[in-house]
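Close look at the chain arrangement
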Amino acid sequence: MESLFDSINVRDLLSAQDLSDQNSPLSAPDLRLLIDRVESHSLQIRSQVQSYLASHHEDFASLFSLCNDAVSQTLKVSDDLAGVLRLVSEHPADVEVREVVEEMKAKREELKVKRELLGLVGTIVSLNRRLESVKEALKSGKFQFAAQGLKELKVALRIGEEDDREPLVYGLLRTEWSQCFEEIQEVLVKFMEKAVRFDGDLNQIEVKYHLEVQNLSGIPLQIVLEAMEVVGILEYGLAKVADLMIKYVMTPFINRGQPLSFIEKSNQDSAVLEIVSSPDSKLEYLDGELLYSGIVLFIKFIYGSICFQKSSWIRCFGRLTWPRISELIISNFLSKVVPTDASKLPDFQKIVKCTSDFETSLKELMFISSSDDKDNRLSNFAENVEVHFAFKKKTEILAKARNLLLECDFSIPQEYTRDSSNWKNDGTSIVSSSHVVDLLFLSERCLVSKAAKQLMKLVHQTLQLERQLNGINQVAVLMHNDCLYLSQEILGFAFEYRADFPSSIKEHAVFADLAPRFQLLAEDILQRQVQLVIYNLKEAIDSADGFQNTHQMQQFESAKFSIDQVVFILEKVHIIWEPLLLPSTYRKSMWTVLESVFSRMARDILLLDDIAAEETLQLQRLIHLMLESLSSLFESLATGDPNLHELSVDSREDLIPSLRKIRKLSELLDMPLKSITASWENEELLCCGFTVTEVEDFIKAIFADSPLRKDCLRRIQNTSF
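So, how was this worked out
For every chain, the first residue of its written sequence is number 1, and the numbers climb from 1 along that sequence. Side-chain atom pairs in this predicted model are given and counted only at pLDDT of 80 or more, local residue features only at pLDDT of at least 70, and totals for whole chains, interfaces and linings cover all residues. Hydrogens are left out, water is left out, and the side-chain values use all remaining heavy atoms of the structure. One side-chain nitrogen of Lys or Arg within 4 Å of one carboxyl oxygen of Asp or Glu is enough to make a salt bridge. Exposure is judged per residue with a 1.4 Å probe applied to protein chains only, and the accessible area is read against the type maximum: over 50% gives exposed, under 20% gives buried, and values in between give partly exposed. Surface patches are drawn from residues lacking salt bridges whose relative accessible area is over 30%; two like charges belong together within 9 Å, two nonpolar side chains (Val, Leu, Ile, Met, Phe, Trp, Tyr) within 5 Å. Working definition of accessibility: Shrake-Rupley area with a 1.4 Å probe, residue cover restricted to the visible protein chains. We score Asp and Glu as negative and Lys and Arg as positive, and we do not count His or the chain ends. Lysine's charge is taken at NZ, arginine's at CZ, aspartate's at CG and glutamate's at CD. Only DSSP runs of H or I covering at least 4 residues are called helices, and only runs of E covering at least 2 are called strands; the numbering of each starts at the N terminus. To form a nonpolar core, buried Ala, Val, Leu, Ile, Met, Phe, Trp, Tyr and Cys residues must be joined to one another through side-chain atoms within 4.5 Å. Residue contacts are defined here by distance: any two heavy atoms, one from each residue, within 4.5 Å place the two residues in contact. In plain terms, two cysteine sulfur atoms within 2.5 Å form what is called a disulfide here. Pairing between strands is defined by DSSP: at least two bridges between the two strands are required.

1. Concerning the pattern of salt bridges
Overall, the coordinates contain 19 salt bridges when judged by the stated rule. Its salt-bridge partner being Arg-603, residue Asp-604 comes within 3.9 Å of it at the nearest N-O pair. Overall, Arg-603 belongs to the partly exposed group, its relative accessible area being 46%. Note that Lys-661 is salt-bridged to Glu-694, the shortest N-O span being 3.1 Å.

2. Section: a negative patch on the surface
There is a patch of like negative charges on the surface, built from Glu-96, Glu-99, Glu-102 and Glu-103. Inspection of the secondary structure assignment puts Glu-102 in helix 3 (residues 94–140).

3. Structural notes on unusual backbone geometry
The backbone phi angle of Met-366 is positive, close to 65 degrees, even though this residue is not glycine. Structurally, Met-366 is set in the loop between helix 10 (349–364) and helix 11 (377–383). Residue Met-366 is classed as partly exposed on the basis of its relative accessible area, which comes to 32%. One non-glycine residue, Phe-547, adopts positive backbone phi at about 60 degrees. Along the chain, the position of Phe-547 falls in the loop between helix 16 (511–542) and helix 17 (553–580).

4. Quick word on the nonpolar core
Core analysis: the largest hydrophobic core is formed by 87 residues, its most contacted members being Met-245, Met-250 and Ile-329. Counting residues per element, this core draws most heavily on helix 9 (residues 311–337), at twelve residues. Other than its neighbours up to four places away in sequence, Met-250 contacts Met-245, Phe-262, Ile-295, Phe-298, Ile-325 and Leu-328. Residues Ile-534, Ile-541, Phe-598 and Leu-668 belong to the second largest nonpolar core, which totals 64 residues.

5. Digging into the state of the cysteines
What the rule picks out here adds up to zero disulfides. Of the cysteine sulfurs around Cys-688, a residue in no disulfide, the closest is that of Cys-687, at 6.8 Å.

6. Here's the deal with the pairing of strand 4 (residues 216–220)
In this structure, strand 3 (residues 210–213) lies alongside strand 4, joined through four bridges in antiparallel fashion. Counterpart to His-210 in the pairing with strand 4 is Pro-220. The loop that links strand 3 with its antiparallel partner strand 4 comprises two residues; one of these, Gln-214, has a positive phi angle of about 55 degrees.

Shown next, in the form of structure tokens:
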């Protein structure tokens, strides 16, 4: 078939070969010959075409049939499209479509609600089944399962998080839960009452490991405790046990004048703690070792027999009993062994150590907290022995003075009357007696009453307390408070009792004259304490050697130790002063002390004549370390006064001017020269307490000589305010 479409070469049909030659045109014979040959060739082509079509008749028939089908389908599509267009034009479909979509949406929402309701119903059924299983577990003694179920149901029912919009059935389920909770609580508490019993005849505590209540028997004590912990009533369940132990064990053991001891016996079914008298009846709780060791033995019994060595259980038991146990120890032992003589105060340190070791043992048993300082009740009491000594001594002195005044006897002994054989002609007795005293500023002796002698002895003992004023302690602060109190009371005497005095005494009453003397005495005691603190702080700062060469490790450590000493002294003063002094007096005194510290430290640093680059960073670090360590002290200065409750940094610096200066000095140590100069020119450094000489010397110590330094120093010198 491809040969039919080959091009016809006319030159092959003519005799003349060169058709482009104009000198040899085609002749008539040539043209006829050409026509004949073209017709012959055309017939040949037609014959070949017919032959090809005949041989491929089926292919062409299939092709024509396919084309006919395509045309038919096109016509059908055209008719359908015309029908759709006609339908759309006659009846708009968007309204119907929208209605269908909205209906589908409504059905979908309805289906969603029904699914949610179905889910809610399923949840309610599940919760109800779980409640029923809890009830069955309670009846059969499966307390662990019941407790765990109640715990999970508490979360599922959101106990304590009720919402008015919730279905009513949730309220009914919560009621069911509460009934189950009360039932398991009642049953478990009954088991605990059966578990721990005190036998007064045998003087012993018995702990049973397998319990029986009503129709439930063989329930292990540990299972009961675990169930109480899961439900959240462990503390409630142990409360009666704790009361039992305090009443029948701890109170007799601590109140007993002579030591008792414990004997522990145990087997698979029970454990017994027997309270017996000490074999040596002459022993007493002198230094606390016997008392503390006995209590530790008792707590170990509780730890092993009742708490089964579980830390959370013994900690719960400790929270229930330790406040009462510690109060018993303080009132019946520690307060009674506080010395009444100042010379015996050092001997009390053995009791302080025993007390500290005792609390350490309790912390190891996890009976008391190792992080909560409130549990260190005994150590705190023992370490403040000076306060208790002063209070005890003051009470004793006042009691003695009162008794002397009330029981004063001015009768003259028989041996000193004229009828006595001991009486001499010169009117004096030859008998030496305690009633006869030497007059210090006269060369004679006279007879005085017993009350006068005892009162003078008491005064001598009281005046010896003066030695306590030479140290930083609570005694001096209490004496200050006592003098302040007496001055206030004496001022009131004149108004309260002067009207009752006879007219002859009113003129000589000196209450108003005595009050200022006690006020001055109080001020003198306080100022001595303040100056003593300042002196100790000065010695601590002196050990820093002027904060020189702090870029060297040894010098830096020395300076850091000095700062630590300063912080330690200030914290000690804070601990002693804040609880005892009036809030206003405490703040004023502490501001004075802090002012001396910060001003001295700033002065020493500003006196340095050569400060290396690394040295500036170390000095800045020391200042930051000190200020951060005193944060709690700064907070204490803001308490007790509503005007200072939220004490800002600026307000704090107004009350302690050198604090502003030391903070600014810390900034200057890391500030460029131009910035320092600008701070002086805008009066910022002047407001912080710096002088022009201090600023100039500081710049010379840090920055090397240069045209810039000369220019900055010139600007500082020429600045006038």
